[in-house]
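Listed below are the residues making up each chain.
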Amino acid sequence: MLKCFALYVTIRTKGGFDRMKGTSKKIISVIMAVILVALTAIPAFATVDENGDALPIVYVIGKVDVIYKDKSDPNSKVIYPVSLDGVDSKKFEELAKTFVYAYTHNKNEAAWDAYCDVLYDIISGVYADLTLNEDGEPKDNSGIIWDWKSDLRDTKAGGVYGLYDYTFHYDWRLDMFHNAELLDEYINAVLEVTGSRKCVLISRCYGCNLVGAYIQEYGSDKIDTNVLYCSTAKGSIVCSEMFSGKMQLNPEGIQQYIREMFGIDPVLAIMGEYIANYEDTIKITSKVVNAVYAKICDRLMPRSLISSFASMPGYWSMVETEYYTGAKNFVFGNQKDKYAKLIDKIDYYHYTVFENIDSILKQSERSGTKYAIITKYGNQIVPAIKSSNYVGDGIVEVPSASFGAKSVKRGESFSAEYLNNAVKNNTLDYISPDYMIDASSCMFPETTWFTEGVEHFDFPKSVDRLLLAIARYDGPDQMTVDTNPEFPRYAKYAGEGNMMTWALNGYLKNSTDSMAKLMKAVIAVFTVLLNVINAIFGSK
């Protein structure tokens, strides 16, 4: 791509150069040299081992794999994603009747019990095949269908490996240490088939928790670079509060959620704004729902959770320490003996990995593994929990996903005093343009990127380009937020055009200083140039 662009520049400018005076030629030559140097900073080669050979990329996905009732039969029932198709319509009619009666007879506790019983029957029925046994193990032979052993081969093409060539699949319901054993087997097989000593390991979301268990159990000697993408290894506020019963509709959050749900399409955005402006209706509805939830929480939530996601050790890996004991008490109550084996599994992960994840990763870094963190933000946390005002990607809050960044609550910004202290401490460059995030406290501050406007479950090509740039970087040390102008510390997603736009530090953005204005102009030119080139050549 870069060679094509250089040739294009040469052809287009040759005649013009011939007509220029010497000084003008030098100026233009310097400008073109700067542009081409900046462009060639985009890695064209792969991360290599000591022999100069490209390293394979092992990609650990999050909770996306389809679960079958019988993993030995591809024609068996799909039990995840779940479906309401099998629920008898009479159940919904009964649910409506019992709710109306309970709501109009608010003090009749038996009426609320009856409503919750019907609702629980529906929930437990929908998740009956997916939920795990009391010991946290699968029912029957349920699981994923993935036969990697028959298809594993060396996929290197053009001297590099693709981002998704070696994607690791796993039954996300199960104990992380069980899946870590399978991951170790897979990594060993990939290294063997590619003839490599190490790999680049990329994990996203839930997969980062699995990688934590893997490193704790097997070390990181086989990992050259470990990339953690929208990580839940330090927990998810949504999962933590849901498992603790701390659910509550937030009217302001709902309004913002509606706006974001309709995306950046102009027509849909107008529609979303129209709906979101029904402020009074949203507030009244939220008040009613929250009152109903207060009635049904203890009656319904614990048994519904243990009959669905709380039966799964994997989900417990996202419950944060400040919630963990309370969540176990809420879910298991006086049934801890019944679920003793499940609790043993989740306790072992929590107290071995979750509470020690910082030291596990730092020890891994000291042993030679390079680290990169990619954090999403700018999306409303699901407005059905009490702490939905965190800055995050809809599911995970920034301090957790970034391994330590400071952030304000949504709608707020750092104070002038905070920013002035950042100037004094020489940490201003770590603060986001919207004054909402301070990356200086991150575990890996120089290799932590933030992408604004990318929702947790969205994985655009623009971020794939960043992942590949990190994975294929062949510099003397490792790629940082200052290495490549296409990938600064803070970037903003610009939609399905798959571009990331520059994000300048706020002080520079608002400065009246002439040099700052010049810098902004230069950066604006580079932004346009890079985006045009990416659009023309389809670069990832």
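Right above here is the structure, for reference.
Parameters at a glance
Residues numbered from 1 in each chain as written. Predicted model: local features only at pLDDT ≥ 70, side-chain atom pairs only at ≥ 80, totals over all residues. Heavy atoms only, no water. Phe/Tyr/Trp six-rings, centres within 6.5 Å; stacked < 30°, edge-to-face > 60°. Helix = DSSP H or I, 4+ residues; strand = E, 2+ residues; numbered from the N terminus. Buried < 20%, exposed > 50% of the residue type's maximum accessible area, 1.4 Å probe, protein only. Pairing = 2+ DSSP bridges. Polar contact = N/O pair within 3.5 Å; in protein donor to acceptor, adjacent residues only side chain to side chain. Contact = heavy atoms within 4.5 Å. Salt bridge = Lys/Arg side-chain N within 4 Å of Asp/Glu carboxyl O. Core = buried A, V, L, I, M, F, W, Y, C linked by side-chain atoms within 4.5 Å.

Chemist: Outline the packing of aromatic side chains, listing residues and values.
Modeler: Across all of its chains, the model carries 30 aromatic pairs by this definition. Look at Tyr-59 and Tyr-164: their rings are 4.9 Å apart centre to centre, the planes differ by 45 degrees, and that puts the pair in the tilted class. One end of the pair, Tyr-59, is in strand 1 (residues 57–60); the other, Tyr-164, is in the loop between helix 4 (109–126) and strand 4 (166–168), with 105 residues separating them in the sequence. Looking at Tyr-59, the relative accessible area reads 0%, which means it is buried. Measuring from ring centre to ring centre gives 6.4 Å for Phe-99 and Trp-112, while their planes differ by 75 degrees; the resulting arrangement is edge-to-face.

Chemist: I'd love a proper account of the pairing of strand 1, names of residues and values included.
Modeler: Alternating residues of strand 1 divide into Ile-57 and Tyr-59 and Val-58 and Val-60, and every residue in both groups is buried. The pairing of strand 1 with strand 5 (residues 199–204) spans four bridges and is parallel. From the neighbouring strand, Tyr-59 faces strand 5, where its bridge partner is Ile-202. The sheet contact formed by strand 1 and strand 4 spans three bridges and is parallel. Residue pairing across strands places Val-60 opposite Phe-168, the latter belonging to strand 4.

Chemist: Describe the side chain of Thr-225, naming the residues involved and giving the relevant values.
Modeler: Residue position: Thr-225 is located in strand 6 (residues 223–229). In this structure the side chain of Thr-225 is engaged in a polar contact, spanning 2.8 Å, whose partner is the side chain of Asp-224. Not counting residues within four places of it along the chain, the set of residues in contact with Thr-225 comprises Cys-199, Val-200, Leu-201, Thr-369, Lys-370 and Ile-470.

Chemist: Talk me through the pattern of salt bridges; I want residue IDs and the actual numbers.
Modeler: Between side chains of opposite charge, a pair can form when the charged atoms approach closely. Inspection of every chain in the model, using the stated rule, returns 18 salt bridges. Here Lys-69 makes a salt bridge to Asp-129, at a shortest N to O gap of 3.7 Å. Linking Lys-69 in the loop between strand 2 (67–68) and strand 3 (78–80) with Asp-129 in the loop between helix 4 and strand 4, this pair joins segments that are 60 residues apart in sequence. Judged by its relative accessible area of 35%, Lys-69 is partly exposed. For Lys-295, the salt bridge identified is with Glu-109, shortest N-O distance 3.2 Å. On the criterion of sequence distance, the pair formed by Lys-295 in helix 10 (residues 279–306) and Glu-109 in helix 4 is long-range, its members being 186 residues apart.

Chemist: Got a sec to walk through the nonpolar core? Specific residues and values, please.
Modeler: General note: in soluble globular proteins, nonpolar side chains tend to be found buried as a group. In terms of nonpolar packing, the biggest core is built from 119 residues, with Trp-172, Phe-243 and Trp-316 touching the most fellow members. The residues touching Trp-172, leaving out its near neighbours within four places in the chain, are Lys-63, Val-64, Asp-65, Ile-67, Tyr-80, Leu-130, Tyr-206, Phe-309, Met-312, Gly-314 and Tyr-315.

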